[in-house]
Amino acid sequence: MRKFDTKVQYLKYKVLREVAKHAWNDTLLEKVMDIPKAIVPGKTPTMRCCVYKERAILGERVKLAMGGDSENPNVIQVIDIACDECPAAGYEVTGTCRGCLAHRCEDVCKRGAISFDHNHVAHIDKSKCVECGQCAKVCPYAAIVNRKRPCQVACKVKAITINEDNAAAIDNEKCIQCGACVYQCPFGAITDRSYILNVIDLIKKSEENKKYKVYAIVAPSISSQFTYAKLGQVITGLKELGFYTVIEAALGADMVAMSESKELVEKGFLTSSCCPAFVQYIKSAFPELVPYISHNMSPMGVLAKYIKDTTKNAKVVFIGPCTSKKAEAQLEGVKEYVDAVLTFEELQALIDSKDIDITTLEEGVLDNASYFGRIFARSGGLSDAVVQALKEQNLEFDVKAVACDGIEACKMALLKKSKNVLDANFIEGMACIGGCIGGAGCLTHGEKNKAEVDKYGREAYEKTISDAISFL
């Protein structure tokens, strides 16, 4: 029964599970130092050069599982001592250099960073190199390559640099907290801070004093996760954990589709506001386009607000695939409605921390939203929902949507709009490849996920957006 794509995810899960287990039992403070030893018992290292370093890194993972560095506002944080295995990044001469006489690489380098040894083989002086890449372009043997770290390759907004200690450093001004670096780091040296303790505290207090009820809002991408069990069993598992009830974020998506479609008609051009990483990218890289961002909150925010507006003393926990949702939940105008955010990785750890075998549970029911709300989870779903919402409201508007599958596609669309050459009037921005189904907090990232989401959408009891939100 495989629950994760990589061993890095599994290690992260084990730490979260142990932290949660002790939190339930009120033994975390006295046992926190024992967690690394519990995960790596004995004296034989399993991943690193020595067991002591391995445990030291696990100690840092425990801190992040408990909330991370409170002085750092970014939900994505670097474990410095774990970030020491990648080679120095930058341009490098490989063994295919033939020591040719032309020396084009030397001629094109304006910084004098290229030199040759007694065998005429080229070498690059890193202190002079500015990584312009001209030497690599002119080498007839393609002997000069640009070696980038996996985190830098994953980060499409260029928020990651390498510091003086040869560890990754995140520029919080550029970072959109999408978590792409988290998923791609082979050593798990970059990870997202967890609010799992906040969720446990909410549930325990709700059980003790009965003064409030904790609502779980689950993202529609859950349909592509927990593949070893049935979705209805996961829903029952959430209630076994202590959640009062479970509601689809897709219902919030239906609400957003209706409102955002009307805003599109009013303004004539709009960028979506459902993906917080996309919204943050516009604010940091294309500030001149901020006025075009939809004024709607994301489905998470809209639905959480509805719950709190209509239910006294409700607490709301959002559960989904997204690390940037953790950042969104800290924003003014959102944080009063969303009390905590969990990823699917963290939910798996939470379930197992209480030894709940969801495969043995009866199937609960989750049927709050329409097909169109549910397909928000994958790229293109939001655009389809907006078109449907216009149709259901009898609004005449010729939607020309561009569905951006990943942040590079978002960048291209926004760049064209900034130069007034974009042949579209609606930009659906999804920072993750595939949409939410590709989020960093997913258990699995597979090609079949889109099909699972569409299948889940077709199973919706409500066939129209209007039917789904008829209670409003």
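Each remark here, short or long, concerns the structure printed above.
What you are looking at is a predicted structure, and each value in this text was computed from that prediction instead of being measured. (Residues numbered from 1 in each chain as written. Predicted model: local features only at pLDDT ≥ 70, side-chain atom pairs only at ≥ 80, totals over all residues. Heavy atoms only, no water.)

A. Representation of unusual backbone geometry in the model. In this structure, Glu-131 takes a positive phi of about 60° despite not being glycine. At Phe-226, a position not held by glycine, the phi torsion is positive, near 50°. Positionally, Phe-226 belongs in the loop between strand E9 (213-218) and helix H10 (231-241). Owing to a relative accessible area of 3%, Phe-226 belongs among the buried residues under this scheme. (Helix = DSSP H or I, 4+ residues; strand = E, 2+ residues; numbered from the N terminus. Buried < 20%, exposed > 50% of the residue type's maximum accessible area, 1.4 Å probe, protein only.)

B. Structural view of the sheet that holds strand E12 (residues 314-320). Overall, parallel pairing links the four strands, which are arranged E10-E9-E12-E13 in an open sheet. Bordering the open sheet on either side are strand E10 (245-248) and strand E13 (340-343), each of which pairs with just one other strand. Adjacent strand axes in the sheet meet at a mean angle of 30° when their direction is disregarded. Contacting E9, E12 and E13, helix H9 (residues 196-209) runs over the sheet at an angle of about 120° to E13. Strands in contact with helix H13 (residues 299-310) are E9, E10, E12 and E13; relative to E12, the strand with the most contacts, it is inclined by about 160°. (Pairing = 2+ DSSP bridges. Axes fitted to C-alpha atoms, helices over the stretch in contact; angles between N-to-C directions. Contact = heavy atoms within 4.5 Å.)

C. Examining helix H1 (residues 7-24) more closely. Between its terminal C-alpha atoms H1 stretches 25 Å, which fits the 26 Å expected from 18 residues at 1.5 Å a residue. Burial analysis of H1 places 14 of its 18 residues in the buried class, the great majority of the element. Of the residues one or two after H1, Asp-26 is the one with positive phi, at around 60°. (Expected span 1.5 Å × (residues − 1).)

D. Structural view of the packing of aromatic side chains. Inspection of the entire model under this criterion finds nine aromatic pairs. The interplanar angle of 50° and the centroid separation of 6.2 Å between the aromatic rings of Phe-4 and Tyr-10 together place this pair among those described as tilted. Overall, the relative accessible area of 40% leaves Tyr-10 in the partly exposed class. Measuring from centroid to centroid gives 5.0 Å for Phe-4 and Tyr-13, while their planes differ by 45°, and the two rings are tilted. For Tyr-13, a relative accessible area of 5% puts it in the buried group. The ring of Phe-318 has Lys-325 sitting right over it, with the charged end atom 5.7 Å from the ring centre. Here Lys-417 stacks its cationic end above the ring of Tyr-292, 4.9 Å away from the centre of that ring. (Phe/Tyr/Trp six-rings, centres within 6.5 Å; stacked < 30°, edge-to-face > 60°. Lys NZ or Arg CZ within 6 Å of the ring centre and 35° of its normal.)

E. Geometry of the environment of Lys-283. Topologically, Lys-283 is positioned in helix H12 (residues 276-285). Considered as a pair, Lys-283 and Ile-176 are 107 residues apart in the sequence and their alpha carbons are 9.7 Å apart. Residues within four places of Lys-283 in sequence aside, it is in contact with Val-290 and Ile-293.

F. Layout of the sheet that holds strand E14 (residues 401-405). The strand order across the open sheet built from three strands is E11-E15-E14, with neighbouring strands paired in parallel fashion. At either margin of the open sheet sits one strand with a lone partner, and together these are strand E11 (270-271) and E14. One ladder, built from five bridges, connects E14 with strand E15 (residues 426-430); its direction is parallel. Bridging across to E15, Ala-403 finds its partner in Glu-428. Strand contacts of helix H17 (residues 381-392): E14 and E15, with the helix running at about 145° to E15, the strand carrying the most contacts.

G. Fine view of the packing of helix H11 (residues 249-267) against H17. Here H11 crosses H17 at 80°, and the two axes come no closer than 8 Å. Considering their axes alone, H11 and H17 lie roughly perpendicular with respect to each other. Residues Ala-257, Met-258, Glu-260, Ser-261, Leu-264 and Val-265 of H11 form the contact with H17, whose participating residues are Leu-382, Ala-385, Val-386, Ala-389, Leu-390 and Glu-392. Among the residues making up the contact of H11 with H17, the classes are represented as nine nonpolar, one polar and two charged. (Parallel < 35°, antiparallel > 145°, perpendicular 65-115°, else oblique. Nonpolar A, V, L, I, M, F, W, Y, C, P; charged D, E, K, R; others polar.)

H. Up close: the nonpolar core. Within the largest apolar cluster, 94 residues are counted, with the highest numbers of intra-cluster contacts made by Leu-238, Leu-241, Phe-243, Val-317, Ile-319 and Leu-350. Not counting residues within four places of it along the chain, the set of residues in contact with Phe-243 comprises Val-199, Ile-203, Val-214, Tyr-215, Ala-216, Leu-238, Val-317 and Ile-319. Counting 45 residues, the second-largest nonpolar core is a separate cluster that includes Ala-82, Cys-155, Ala-327 and Ala-413. (Core = buried A, V, L, I, M, F, W, Y, C linked by side-chain atoms within 4.5 Å.)

I. How the structure looks around a positive patch on the surface. On the surface, a cluster of positive charge is made up of Lys-148, Lys-156, Lys-158, Lys-174 and Lys-411. Here Lys-156 is to be found in the loop between helix H7 (150-154) and strand E6 (160-162). Looking at Lys-156, the relative accessible area reads 35%, which means it is partly exposed. (Patch = residues over 30% accessible without salt bridge, like charges linked within 9 Å, V, L, I, M, F, W, Y side chains within 5 Å. Areas by Shrake-Rupley, 256 points an atom, 1.4 Å probe, with all protein chains shown as cover. Salt bridge = Lys/Arg side-chain N within 4 Å of Asp/Glu carboxyl O. Lys, Arg positive; Asp, Glu negative; His and termini not counted. Charge placed at Lys NZ, Arg CZ, Asp CG, Glu CD.)

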